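Take a look at the letters that make up each chain.
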Amino acid sequence: MKILTGNDLKSGAVIWWTGVGWSLDVNESADVEDHGPAIIAREEGVQNVFAAYVVDAVKTEEGVRPGHIKERIRALGPTVRPDLTLKPSDPEAVNWVI
């Protein structure tokens with residue numbers, strides 16, 4: 001599975017391509033197959049995202065899991081402040097990263 005990630009142009013937030021737009025939730029990511037570069041060019045051109053790139057991922061029972069630890073950290077949020085992650089009430093969330 002190939003997914004897209006980048007940063008929101010206005011807020012800088014980590015965002016994920018859903019197939020029709022961008023989301024803060026990695027679990028809403030769509031498989032772009034080999035269309036990633038074309039989607040990135042279009043979305044960066046209309047200034048919806050910056051620094052976008054293609055990420056390898058797998059779909060599990062728990063949702064979409066980026067293949068590399070860097071993208072898993074970006075998907076969850078800061079590892080040094082679990083209260084600022086996207087899942088602050090889940091004490092096991094940090095285990096998802098590693």
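This write-up is about the structure you can find in this document. The model shown is predicted, which means the values in this text are computed figures rather than measured ones.

Overview of the overall build of the protein
In step 1: Scanning the protein from N- to C-terminus turns up 3 helices and 5 strands.
In step 2: When the helices and strands of the protein are listed from N to C terminus, the series reads β-β-β-α-β-β-α-α.
In step 3: Its C-alpha atoms give the protein a radius of gyration of 13 Å, near enough to 13 Å, the size a compact globule of 98 residues would have.
In step 4: Dimensions of the protein along its principal axes, counting C-alpha atoms only, are 40 × 30 × 20 Å.
In step 5: Across the 98 residues of the protein, 35% fall into the buried class.
In step 6: Summing over all exposed atoms, the protein offers an accessible surface of approximately 5900 Å²; the carbon and sulfur share of this is 56%.
In step 7: If you average the places of the 10 positive and of the 15 negative side-chain charges in the protein, the two averages end up 4 Å apart.

Examining the sheet that holds strand 1 (residues 2-8)
In step 1: Pairing within the open sheet is antiparallel, and its 5 strands lie in the order 3-2-1-4-5. Two strands close off the open sheet at either side, each with one partner strand: strand 3 (22-23) and strand 5 (63-66).
In step 2: Contacting strand 1, strand 2 (14-17), strand 3 and strand 4 (49-60), helix 1 (residues 36-45) crosses the sheet at an angle of about 145 degrees to strand 4.

A closer look at the pairing of strand 2
In step 1: Two strands pair when backbone bridges link them, and strand 1 and strand 2 are joined in this way by 3 bridges, in the antiparallel orientation. Counted as the bridge partner of Thr 5 is Trp 16 from strand 2.
In step 2: Hairpin geometry of strand 1 and strand 2 is characterised by an intervening segment of 5 residues between the two adjacent antiparallel strands and by a positive phi of about 85 degrees at Gly 12.
In step 3: Pairing analysis gives 2 bridges linking strand 2 to strand 3, with the strands arranged antiparallel. Bridge pairing in strand 3 places Trp 16 opposite Ser 23.

Description of the packing of aromatic side chains
In step 1: Evaluation of the coordinates by the stated rule reveals 1 aromatic pair.
In step 2: Aromatic side chains Trp 17 and Trp 22 sit 5.2 Å apart centroid to centroid with 65 degrees between the ring planes, which places their arrangement in the edge-to-face category.
In step 3: Overall, the relative accessible area of 21% leaves Trp 22 in the partly exposed class.

Concerning the nonpolar core
In step 1: With 8 residues, the main nonpolar core is built from Leu 4, Ile 15, Trp 17, Val 32, Ile 39, Ile 40, Val 49 and Ala 52.
In step 2: Once residues within four sequence positions are removed from consideration, Val 32 is found in contact with Lys 2, Ile 3, Leu 4, Trp 17 and Ile 39.
In step 3: Core analysis: the second largest hydrophobic core is formed by 7 residues, Ile 3, Trp 16, Val 55 and Val 64 among them.

Analysis parameters
Residues numbered from 1 in each chain as written. Predicted model: local features only at pLDDT ≥ 70, side-chain atom pairs only at ≥ 80, totals over all residues. Heavy atoms only, no water. Helix = DSSP H or I, 4+ residues; strand = E, 2+ residues; numbered from the N terminus. Rg over C-alpha atoms; globule rule 2.2 N^0.38 Å. Buried < 20%, exposed > 50% of the residue type's maximum accessible area, 1.4 Å probe, protein only. Areas by Shrake-Rupley, 256 points an atom, 1.4 Å probe, with all protein chains shown as cover. Lys, Arg positive; Asp, Glu negative; His and termini not counted. Charge placed at Lys NZ, Arg CZ, Asp CG, Glu CD. Pairing = 2+ DSSP bridges. Contact = heavy atoms within 4.5 Å. Axes fitted to C-alpha atoms, helices over the stretch in contact; angles between N-to-C directions. Phe/Tyr/Trp six-rings, centres within 6.5 Å; stacked < 30°, edge-to-face > 60°. Core = buried A, V, L, I, M, F, W, Y, C linked by side-chain atoms within 4.5 Å.

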